[in-house]
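Breakdown of the fold
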Amino acid sequence: MRDNFSEATKKLLADRAGRKCSNPYCRRTTIGPQLGDKGTVNIGEAAHIYAASPGGKRYKEDMTSEQRSSYENGIWMCRTHAALIDRDEKYFTVEMLKSWKEDAEKNAADEIIGQVDEVRKCKFRMNLFYMDFLEDKKILASLNKSRGAMVDESCFPVQNEWEKHLEEISYLIGAELSTSMYRILRELQVFKEIMKKEIDRCAGRRMSDKESLAYCRRADLFKERMEEWLTDEFIESIKFFCDFSKE
Ligand SMILES: [Zn+2]
């Protein structure tokens with residue numbers, strides 16, 4: 001007496017796994033066209049997590065027939081792996097199979113949405129950009145209070161390889177925001193280099209008035225630009241693409 005799955009349950013298990021083997025090291029497609037004919041070929045199977053009959057692997061006595069043949073107790077696998085999990089309950093535990101099933105369905109969902117990985121990556125990058133911009137704005141505010149003070153070039157955070165990262169996500173955040181971000185980051189980077197040169201130049205000797213005047217002028221321009229570009233509104237528009245749910 002086996003508590004077999006109904007055809008509808010088998011189909012549900014196959015479809016929800018994207019018709020691929022749920023073994024994460026396999027993931028082979030199990031249903032496709034019959035070669036040389038118009039039919040289909042199925043090399044997949046709905047396998048039982050808790051066995052369908054006494055003596056089977058991972059059999060659980062106190063389950064009802066209904067539970068044993070339910071969607072919850074099934075996992076879609078290719079024939080090879082269906083056979084394998086039915087032979088070894090020490091390695092293929094209930095916990096392992098349940099997590100395989102969950103991952104397989106998650107993987108199938110990601111493939112349908114298509115850009116899930118891209119979106120996740122974009123949110124991660126935007127979080128970092130957002131934190132940097134907040135910090136940059138804070139430093140600018142303190143700089144305005146103590147006008148003319150020399151600042152350390154390391155104090156304005158800018159992501160390493162920001163140009164590459166920004167380019168990768170620009171199609172998701174739109175051209176307008178990408179352009180604004182590019183302009184600000186570029187200015188930050190250029191001014192950081194100027195600050196570094198200034199610090200190196202001043203090391204060990206007094207600044208000449210002419211040189212220090214040139215630096216102050218450039219610093220004023222930098223502050224002016226940042227005031228105009230790095231607005232609260234701009235930072236809000238970045239926040240829209242961030243995801244702080246995991247923090
Ligand atoms: Zn497989």
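Residues numbered from 1 in each chain as written. Predicted model: local features only at pLDDT ≥ 70, side-chain atom pairs only at ≥ 80, totals over all residues. Heavy atoms only, no water.

1. Re the domain arrangement of the chain
Quick reminder of the rule: Reported domain spans reflect what an automatic or database domain assignment gives.
Taken as a whole, the chain is organised into domain 1 (7-92) and domain 2 (114-243). Summarising the inter-unit geometry, the C-alpha centres of domain 1 and domain 2 are found 54 Å apart.

2. Focus on the coordination of the zinc ion
Each angle at a metal carrying four tetrahedral donors should ideally be 109.5 degrees, and each at a metal carrying six octahedral donors should ideally be 90 or 180 degrees. Put simply, the test is: Distances decide who is a donor: an N, O or S atom must be within 2.8 Å of the metal, or within 3.2 Å for Na, K and Ca. Water is not included, so sites may look incomplete. Labels follow the DSSP assignment, with helices taken as runs of H or I lasting at least four residues and strands as runs of E lasting at least two, numbered in each case from the N terminus. For every residue, the accessible area obtained with a 1.4 Å probe (protein chains only) is divided by the maximum for its type, and the residue is called buried under 20%, exposed over 50%, and partly exposed between those limits.
The protein atoms donating to the zinc ion are Cys21 (SG), Cys26 (SG), Cys78 (SG) and His81 (ND1), with metal-donor distances spanning 2.0 to 2.4 Å. Sequence spacing among the residues donating to the zinc ion works out to C-x4-C-x51-C-x2-H. Separated by 55 residues along the polypeptide, Cys26 in the loop between helix H1 (7-16) and strand S1 (31-33) and His81 in helix H3 (residues 79-85) bring together distant segments of the chain. Look at His81 and you get buried, because its relative accessible area is 17%.

3. Quick look at the pattern of salt bridges
Put simply, the rule is: The working definition used for a salt bridge is a side-chain nitrogen of Lys or Arg within 4 Å of a carboxyl oxygen of Asp or Glu.
In total, this model carries 14 salt bridges according to the counting rule given. Taking the shortest distance from any N to any O, the salt bridge between Arg225 and Glu187 comes out at 2.9 Å. Of the two residues, Arg225 sits in helix H8 (residues 209-229) while Glu187 sits in helix H7 (residues 175-202), which places them 38 residues apart along the sequence. Here Glu187 falls in the buried class, since its relative accessible area comes to 6%. In this structure, a network of salt bridges that share partners links the residues Lys11, Asp15 and Arg19.

4. Thoughts on the packing of H7 against helix H9 (residues 232-239)
Put simply, the rule is: Axis definition: a line fitted to C-alpha atoms, over the contacting stretch in the case of helices. Angles run 0 to 180 degrees between N-to-C directions. Angle categories: roughly parallel below 35 degrees, roughly antiparallel above 145, roughly perpendicular from 65 to 115, and oblique for all the rest. Crossing chirality is assigned from the near helix's rotation relative to the far helix, an anticlockwise turn below a right angle marking it left-handed and a clockwise turn marking it right-handed. Should any heavy atoms of two residues lie within 4.5 Å, those residues are considered in contact. Three residue categories are used. Nonpolar comprises Ala, Val, Leu, Ile, Met, Phe, Trp, Tyr, Cys and Pro, charged comprises Asp, Glu, Lys and Arg, and polar comprises the others, including Gly.
The geometry of H7 relative to H9 is characterised by a closest axis approach of 11 Å and an angle of 120° between their N-to-C directions. On the basis of the axis angle, H7 is oblique to H9. Taken as a pair, H7 and H9 cross one another with a handedness that is left-handed. In this structure, H7 contributes Leu177, Ser180, Met181 and Ile184 to the contact, and H9 contributes Phe234, Ser237 and Ile238. In terms of residue class, the contact of H7 with H9 is built from five nonpolar, two polar and no charged.

5. Considering the nonpolar core
Formally: Grouping buried Ala, Val, Leu, Ile, Met, Phe, Trp, Tyr and Cys residues that are joined through side-chain atoms within 4.5 Å yields what is termed a nonpolar core.
Within the largest apolar cluster, 31 residues are counted, with the highest numbers of intra-cluster contacts made by Met126, Phe129, Phe133, Met181, Phe234 and Ile238. Counting only elements with at least two residues in this core, the list comes to helix H5 (116-145), helix H6 (162-173), H7, H8 and H9. Sequence-distant contacts of Met126, defined by excluding residues within four places in its chain, comprise Ile169, Ile173, Leu177, Met181, Ile238, Phe241 and Cys242. Of all hydrophobic cores here, the second largest spans 14 residues; its members include Ile49, Tyr50, Met77 and Leu97.

6. Examining H7
Applicable threshold: Expected helix span is given by 1.5 Å per residue-to-residue step, counting one fewer step than there are residues.
Between its first and last C-alpha, H7 extends 40 Å over 28 residues, near the 40 Å set by a 1.5 Å rise per residue. Taken together, the buried positions of H7 are Leu177, Ser178, Met181, Ile184, Leu185, Glu187, Leu188, Phe191, Lys192, Met195, Glu198 and Cys202.

7. A closer look at the packing of H6 against H7
Running from amino to carboxyl end, H6 crosses H7 at an angle of 165°, the nearest separation of the two axes being 8 Å. Classified by the angle between their axes, H6 and H7 sit roughly antiparallel to one another. The two elements H6 and H7 meet at a crossing, and its hand is right-handed. Counting all contacts with H6, which are made through Trp162, Glu163, Leu166, Ser170 and Ile173, the residues of H7 involved are Ala175, Leu177, Ser178, Met181, Tyr182, Leu185, Arg186 and Gln189.

8. Here we look at the environment of Asp3
What counts is decided by this rule: Polar contact criterion, stated in full: a pair of N or O atoms within 3.5 Å, where within protein one must be able to donate a hydrogen and the other to accept it, and residues adjacent in sequence count only if both atoms are side-chain atoms.
One can find Asp3 in the segment before H1. Separated by 41 residues in the primary sequence, Asp3 and Gly44 have C-alpha atoms spaced 18 Å apart. When near neighbours in sequence (up to four residues on either side) are disregarded, Asp3 contacts His48, Ala52, Ser65, Arg68 and Ser69. A polar atom in the side chain of Asp3 sits 3.1 Å from the side chain of Arg68.

9. Digging into the pairing of strand S3 (residues 44-48)
Two faces, one strand: in a regular strand the side chains alternate between the faces of the sheet. Basically, it comes down to this: The rule for pairing is simple: two strands pair if DSSP sees at least two bridges between them.
Among the five residues that make up S3, four are buried, leaving the element largely enclosed by the rest of the structure. Sheet analysis places S3 next to strand S4 (residues 74-78), joined by five bridges and oriented antiparallel. Of the residues in S4, the one forming a bridge with Glu45 is Met77.

10. Quick look at the side chain of His165
Topologically, His165 is positioned in helix H6. Its relative accessible area of 9% is what places His165 among the buried residues. The contacts of His165, once residues within four sequence positions are left out, are Arg125, Phe129, Gln159 and Asn160.

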